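Structural overview for review
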Amino acid sequence: MSDLEIYVHIPFCVRKCAYCDFLSGPADEDAKARYLTGLFDEFRFYAEKLKSAETRKTITTVFVGGGTPSSLSAGQLDSLFEKLHSSFGIGKEAEVTVECNPGTLSAEKLSVLKNAGVNRLSLGLQSADDSELKLLGRIHTFEDFLREYEAARRTGFDNINVDLMQALPGQTVEKALNSVKKLLELQP
Ligand code: SF4
């Protein structure tokens, strides 16, 4: 028996941020549907490989990152996790994370993720200062983040990490610390 960690990349975002070097970008519904079909084929391929492997594997972590996985629809997220579970048999002890960006979450998506066994959210805030968010080309304000963070808490997510960026062009120490302080108040 040995451990296995799964990373699933969702390369879609509502809009490309000004600083972004990741493999990601906007896409139409057709491209998303075709990508998911290909992804589910990959799941089948690797699930077969694992079945025929000599050593049994225990999935310890699943990380669905991007891009913006939360830019998929609730139905697409539901299918993604249904296929992940049926292909790999992810147990309750595994840490299952989904990367989400403010401006793309809804009560419906949060409840799909919760019911699918997701037990950790990673929220890309980057700054609590709206002028910095604008400079970065982010699609959301700090208020948008707060609304979705609180909705995630209400849905029962008790393990949430929040990304912040530091050393932004023109950023003062005071501004950087202000973002950290605002976040600490939320106890992520
Ligand atoms: S949300 Fe993240 S992955 Fe998407 S464009 Fe912005 S930085 Fe890149």
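This text gives an overview of the structure that appears in the document. (Residues numbered from 1 in each chain as written. Predicted model: local features only at pLDDT ≥ 70, side-chain atom pairs only at ≥ 80, totals over all residues. Heavy atoms only, no water.)

**Regarding the site of the ligand**
Residues in close proximity to the ligand include C13, R15, K16, C17, Y19, C20, F22, S24, G67, T68, N101 and R138, which together make up its full environment. The cavity where the ligand resides is the largest pocket. Of the residues assigned to the shell around the ligand, the class counts are five nonpolar, four polar and three charged. (Near = heavy atom within 4 Å. 1 Å grid on protein atoms, 1.4 Å probe; cavity = no way out; pocket = protein on both sides within 12 Å on 5 of 7 lines; lining within 4 Å. Sits in = over half its atoms within 2 Å of the grid points. Nonpolar A, V, L, I, M, F, W, Y, C, P; charged D, E, K, R; others polar.)

**Some points on helix α3 (residues 107-115)**
What α3 keeps buried is the set K109, L110, V112 and L113. An end-on view of α3 places all buried positions within 160° of arc, on one side of the element. The outward face of α3, more than 90 degrees from its buried face, is lined by the exposed residues A107, E108 and N115. Where the residues of α3 are buried, they touch α2 (74-88), β3 (95-100), β4 (120-126) and α5 (142-155). One or two residues past the end of α3 sits G117, with phi positive at roughly 90°. (Buried < 20%, exposed > 50% of the residue type's maximum accessible area, 1.4 Å probe, protein only. Helix = DSSP H or I, 4+ residues; strand = E, 2+ residues; numbered from the N terminus. Arc of directions from axis to C-beta. Contact = heavy atoms within 4.5 Å.)

**Section: the pairing of β3**
Most of β3 is tucked away: five of the six residues are buried. The sheet contact formed by strand β2 (residues 57-66) and β3 spans four bridges and is parallel. Its bridge partner being in β3, V64 is matched across the sheet by V98. In terms of handedness, the path from β2 via α2 over to β3 forms a crossover that is right-handed. Sheet topology places β3 next to β4; four bridges connect them, and they run parallel. Across the sheet, V98 pairs through a bridge with L121, a residue of β4. Between the parallel pair β3 and β4, the chain is carried across by α3, and the sense of this crossover is right-handed. (Pairing = 2+ DSSP bridges. Right-handed = clockwise from strand over helix to strand, strands pointing away.)

**Quick look at unusual backbone geometry**
Look at the link from G66 to G67: it is a cis peptide, with omega at 20°. A positive phi is found at Q126, a non-glycine position, where the angle reads about 80°. Tracing the backbone shows Q126 in strand β4. Despite not being glycine, Q187 shows a phi value in the positive range, around 55°. Relative to the elements of secondary structure, Q187 occurs in the segment after α6 (173-186).

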